[in-house]
Amino acid sequence: MMSSPSQTQSFIPAMTAIAREAGALLLEYFHQGLKIEYKGDADLVTAADRASEVLIRERVAKQFPSHDVLGEEQGLNDRGNEYRWYVDPLDGTTNFAHGFPVFCVSLAIERRIADSQKRVAAVVYDPTRDELFCAEPGKGAQLNGKAIHVSKIGQLKESLLATGFPSHKRHKNPNIFFYHQITLRTHGVRRAGSAALDLCDVACGRYDGFWEFNLNPWDTAAGVLIVEEAGGKVSGFDGSPFQLNSRETLASNGLLHDALVHEFQEIFAGRGLDPLPDPREYRR
Ligand code: IPD
Ligand code: CA
Ligand code: CA
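What you see is a predicted model, and the numbers here were worked out from it, not measured in a lab.

Procedures and definitions
- Residues numbered from 1 in each chain as written.
- Chains lettered and ligands numbered in written order.
- Predicted model: local features only at pLDDT ≥ 70, side-chain atom pairs only at ≥ 80, totals over all residues.
- Heavy atoms only, no water.
- Pairing = 2+ DSSP bridges.
- Helix = DSSP H or I, 4+ residues; strand = E, 2+ residues; numbered from the N terminus.
- Axes fitted to C-alpha atoms, helices over the stretch in contact; angles between N-to-C directions.
- Core = buried A, V, L, I, M, F, W, Y, C linked by side-chain atoms within 4.5 Å.
- Buried < 20%, exposed > 50% of the residue type's maximum accessible area, 1.4 Å probe, protein only.
- Domains from an automatic or database assignment.
- Contact = heavy atoms within 4.5 Å.
- Donors = N, O, S within 2.8 Å, 3.2 Å for Na, K, Ca; no water.
- Parallel < 35°, antiparallel > 145°, perpendicular 65-115°, else oblique.
- Left-handed = near helix turned anticlockwise from the far one by under 90°.
- Nonpolar A, V, L, I, M, F, W, Y, C, P; charged D, E, K, R; others polar.
- Near = heavy atom within 4 Å.
- Polar contact = N/O pair within 3.5 Å; in protein donor to acceptor, adjacent residues only side chain to side chain.
- Areas by Shrake-Rupley, 256 points an atom, 1.4 Å probe, with all protein chains shown as cover.
- Expected span 1.5 Å × (residues − 1).

Participant: Mind showing me how you'd approach the sheet that holds strand β3 (residues 68–71) here?
Facilitator: Strand order in the open sheet formed by eight strands is β4-β3-β5-β6-β7-β8-β9-β10, with mixed pairing between adjacent strands. The strands lining the two open edges of the sheet, one partner per strand, are β4 (75–77) and β10 (146–148). Pairs of neighbouring strands in the sheet enclose a mean axial angle of 20°, with direction left out of account. Taken together, the seven bridges between strand β5 (residues 83–91) and strand β6 (residues 104–113) define a ladder with antiparallel strand orientation.

And the structure:
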């Protein structure tokens, strides 16, 4: 049994081992092909999501028995411990279920003392590419042991961005309008299907920014720390400080942040919108 590390020790080695083990389990399921089940109208879950979370919880319980865990599939066991894990056992379930190889395991640990909460360690593991991202406050971010940094793109019109769309209540989500407008102002907007990996791809400079409505704490807790430690910025859509429970995530390399906040303000206000083309014109 391991006790909680003191200030000078790190959770990263233990988290890395757990994420790699869960990632290997996901890959086994991935190569077998899986039955898809539904949590909601279009919200998928597979046996792999559940098995990965069981494995992660078992490892945490053995090594850090007093720690609390909030996991997507089993919820929160809150015993009021100072440390809380945020676990997405499989981020990118829709990709996974369709055989599209973009998914990961996302783990973050938060230290909660009185009213203050601070994320103290983050690990995101992509088993398909064997890429392990990690970060700790003040120590920078790494990909497979090497320091990573956000990009240096300073102009929106030269940027590559990413976004995501929720699996459920998609009809209530305004993101299609933002996708359309921001696509026209940039080199493009990708939608790869794993928010945690999207954030890591901002951290290592593959993307210059990312936004999504209505993400959950297990989607963002690790990736946000990794972006910040790689020199980037994460906020709400109006530039206000990012909150784990808020439904707005806007991440960037920092240089583009004000420009993105401005675009969001304009689009929310309905100003300067490029109209959608009329598909009937293409029938001729
Ligand atoms: C989903 C992915 C996706 C995002 C959805 C999330 P899940 O997580 O991160 O990229 O667009 O909003 O729900 O369900 O695969 O863990
Ligand atoms: Ca997720
Ligand atoms: Ca998930």
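From this point, things continue past the structure.
Participant: Would you take a moment to explain the nonpolar core for this structure?
Facilitator: Buried together is how nonpolar side chains tend to be arranged in soluble globular proteins. Ranked by size, the top nonpolar core spans 37 residues in total, and within it V124, F133, I148, F210 and I226 carry the most contacts. Mapped onto this core, the elements with two or more residues apiece are β6, β7 (116–126), β8 (131–135), β9 (141–143), α5 (195–203) and α6 (217–229). Shared between two domains, this core holds at least three residues of each, these being domain 1 (12–148) and domain 2 (156–269). Contact partners of I226, with chain neighbours within four places excluded, come to A122, V124, F133, C134, A135, A141, I148, C200 and A203. If you look at the next biggest cluster of nonpolar residues, it comprises 32 residues, including V105, L107, V123 and L132.

Participant: Honestly, the environment of V202 in this entry has me stumped. Any pointers?
Facilitator: Within the secondary structure, V202 is located in helix α5. The residues contacting V202, other than those within four sequence positions of it, are V150, Y207, G209, F210, V227, S252 and N253.

Participant: Can you help me understand the coordination of the calcium ion (ligand 2) in this one?
Facilitator: Geometrically, a metal with four donors at the corners of a regular tetrahedron has ideal angles of 109.5 degrees, and one with six donors at the corners of a regular octahedron has ideal angles of 90 or 180 degrees. Around the calcium ion (ligand 2), the protein contributes the donor atoms D88 (OD), D91 (OD) and D219 (OD), which lie 2.1 to 2.2 Å from the metal centre. Sequence spacing of the donors to the calcium ion (ligand 2): D-x2-D-x127-D. Separating the calcium ion (ligand 2) from the calcium ion (ligand 3) is a distance of 3.7 Å, and D88 supplies a donor atom to each of them.

Participant: Can you help me understand the coordination of the calcium ion (ligand 3) in this one?
Facilitator: Surrounding the calcium ion (ligand 3) are the protein donor atoms E72 (OE), D88 (OD) and L90 (O), at 2.1 to 2.4 Å. Ordering the donors of the calcium ion (ligand 3) by residue number gives the pattern E-x15-D-x1-L.

Participant: When you look at the packing of helix α1 (residues 12–32) against helix α2 (residues 47–63) in this model, what are you seeing that I'm missing?
Facilitator: In a pair of packed helices, the angle between the axes and the distance between the axes together describe the arrangement. Relative orientation of the contacting elements α1 and α2 amounts to 155°, with a least axis distance of 9 Å. The angle between α1 and α2 places the two elements in the roughly antiparallel class. Viewed along their axes, α1 and α2 form a crossing whose handedness is right-handed. Residues A14, I18, E21, A22, L25, L26 and Y29 of α1 lie in contact with α2, whose contacting residues are A47, A48, A51, S52, L55, I56, R59, V60 and Q63. Within the contact of α1 with α2, the residues separate by chemical class into 12 nonpolar, two polar and two charged.

Participant: Looking at this structure, how should I read the site of ligand 1?
Facilitator: As a matter of local geometry, ligand 1 sits amid 17 residues, with D91, G92, T93, G193 and E212 nearest to it. The side chain of D88 places a nitrogen or oxygen atom 3.2 Å from an oxygen atom of ligand 1. Taking F165, its main chain carries an N or O atom lying 3.1 Å from an oxygen atom of ligand 1. For ligand 1, whose unbound accessible area comes to 380 Å², protein coverage reaches 91%. A total of three residues in the shell around ligand 1 trace back to one element, the largest contributor, which is β5. A class-by-class count of the residues in the shell around ligand 1 yields five nonpolar, six polar and six charged. Per-domain counts for the shell around ligand 1 show at least three residues from each of domain 1 (12–148) and domain 2 (156–269).

Participant: Help me out: how do you make sense of α1 in this one?
Facilitator: Because an α-helix packs 3.6 residues into every turn, residues spaced three or four apart end up facing the same way. Look at α1: 30 Å from first C-alpha to last across 21 residues, which is about the 30 Å you get at 1.5 Å a residue. On the buried face of α1, the contacting elements are α2, β5, α3 (93–98), β6, β7 and β8. One or two steps after α1, the chain reaches G33, where phi turns positive at roughly 80°.

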